[in-house]
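Architecture and fold: a report
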Amino acid sequence: MTSTPNLPLRDTDRVYGKVTRLLHWSIAALLAWQFVGMGLKLALGRHPVAAVFVGSHQKVGTVLFPLIALRLAWAFANRGHRPDHGAGALGLAARFGHLLLYAVMVIVPVAALLRAYGSERGFAPFGFQVFAPQLPEIGWMVRAGDALHGEMGWLLLALIAGHIVMVGLHEGMWRDGTLARMAGRRRAGL
Ligand code: HEM
């Protein structure tokens, strides 16, 4: 029986390592919680099921922000030895798509935090105060944060949907082991 080498901590040119995978899947799960909640709120209004998600939205978003920052920092620290996006127009589109995903993933919580900072309500997501109330509120921060958080939030969902469709194409049509770089070992060559 041949032994399979352990998954590395850092990324390599064949696979994403343990740290990237942990960050990728925990961020994915928390983002799914955010979108399911906001979707339920749109569909059901003030329904108790929607309230479970909406009631934790600020807390989950506050946890997501440092995780996303860590994800970016880790990607930067691993630059030069991560799986390649491939050659040609498709590779370029994948690189651009990932950059856009990262950018919007940062903008969405930052916009919410900007709005919270400028607000006259203050911000205490876990019961301790992160931002004191602004009296009077800082209008431009609240307006900009409000507009950006809503629009960019749904744009993020569209980008994630595109990301999932592309992984589906890689798996179903091209069968090139793309998913295994983030979720498996064998087909990624480990
Ligand atoms: C990456 C993390 C986050 C995602 C993906 C996200 C996503 C969303 C989405 C899609 C909406 C609905 C927008 C609309 O229809 O106008 C929303 C609303 C909202 N978000 Fe976030 N959000 C995140 C983080 C945060 C954070 C950190 C806070 C607090 C500082 C926050 C506070 C709010 C509030 C107060 C609303 C309005 C909720 C309501 O209408 O009841 N969000 N968010």
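In this report, the structure presented in the accompanying data block is examined. (Residues numbered from 1 in each chain as written. Predicted model: local features only at pLDDT ≥ 70, side-chain atom pairs only at ≥ 80, totals over all residues. Heavy atoms only, no water.)

Now for the side chain of aspartate 11. Checked against the element boundaries, aspartate 11 lands in the segment before helix H1 (18-44). Accessibility expressed as a relative area gives 3% for aspartate 11, which makes it buried. Contacts of aspartate 11, omitting those with residues within four sequence positions, involve Tyr16, Gly17, Thr20, Trp74, Asn78, His81 and Arg82. (Helix = DSSP H or I, 4+ residues; strand = E, 2+ residues; numbered from the N terminus. Buried < 20%, exposed > 50% of the residue type's maximum accessible area, 1.4 Å probe, protein only. Contact = heavy atoms within 4.5 Å.)

Take the environment of threonine 12 next. Within the secondary structure, threonine 12 sits in the segment before H1. In this structure the C-alpha to C-alpha distance between threonine 12 and arginine 79, which are 67 residues apart in sequence, comes to 9.6 Å. Those residues in contact with threonine 12, other than ones at most four positions away along the chain, are His81, Arg82 and Pro83.

A few words now on the coordination of the iron atom of the ligand. Around the iron atom of the ligand, the protein supplies His57 (NE2) and His149 (NE2) as donor atoms, at distances of 1.9 to 2.0 Å. Coordination geometry of the iron atom of the ligand: the 6 donor atoms subtend angles of 87 to 180° at the metal centre, consistent with an arrangement described as octahedral. Taken together, the positions of histidine 57 in helix H3 (residues 57-77) and histidine 149 in helix H5 (residues 139-174) put the pair 92 residues apart, joining distant regions of the chain. Given the relative accessible area of 18%, histidine 57 is considered buried. (Donors = N, O, S within 2.8 Å, 3.2 Å for Na, K, Ca; no water. Tetrahedral: all angles 85-135°; square planar, octahedral: opposite > 155°, others 65-115°.)

Attention shifts here to the side chain of histidine 24. Summarising the element assignment, histidine 24 is placed in helix H1. Judged by relative accessible area, which is 17%, histidine 24 ranks as buried. Sequence-distant contacts of histidine 24, that is, excluding residues within four places in its chain, are made with Arg71, His163 and Met182.

A few words on the packing of aromatic side chains. Throughout the structure, instances matching the rule amount to 4 aromatic pairs. With 4.3 Å between their ring centres and 40° between their planes, tryptophan 33 and phenylalanine 53 make a pair best called tilted. Placement of tryptophan 33 in helix H1 and of phenylalanine 53 in helix H2 (residues 48-55) is noted, with a sequence separation of 20 residues between them. Note on tryptophan 33: relative accessible area 32%, which makes it partly exposed. Members of the aromatic cluster, connected to one another through ring pairs, are Tyr117, Phe123 and Phe131. (Phe/Tyr/Trp six-rings, centres within 6.5 Å; stacked < 30°, edge-to-face > 60°.)

Attention shifts here to the nonpolar core. Ile27, Leu31, Leu64, Met105, Leu156 and Ile160 are the most contacted members of the largest nonpolar core, which totals 17 residues. Contributions of two or more residues to this core are made by H1, H3, helix H4 (88-118) and H5. (Core = buried A, V, L, I, M, F, W, Y, C linked by side-chain atoms within 4.5 Å.)

Attention now goes to the site of the ligand. With respect to spatial proximity, 20 residues lie near the ligand, and among them Lys41, His57, Arg115, His149 and Trp154 are the closest. A distance of 2.8 Å separates a nitrogen atom of the ligand from a polar atom in the side chain of histidine 149. Those elements that provide at least two residues to the shell around the ligand are H1, H3, H4 and H5. For the shell around the ligand, the per-class residue count stands at 11 nonpolar, 7 polar and 2 charged. (Near = heavy atom within 4 Å. Polar contact = N/O pair within 3.5 Å; in protein donor to acceptor, adjacent residues only side chain to side chain. Nonpolar A, V, L, I, M, F, W, Y, C, P; charged D, E, K, R; others polar.)

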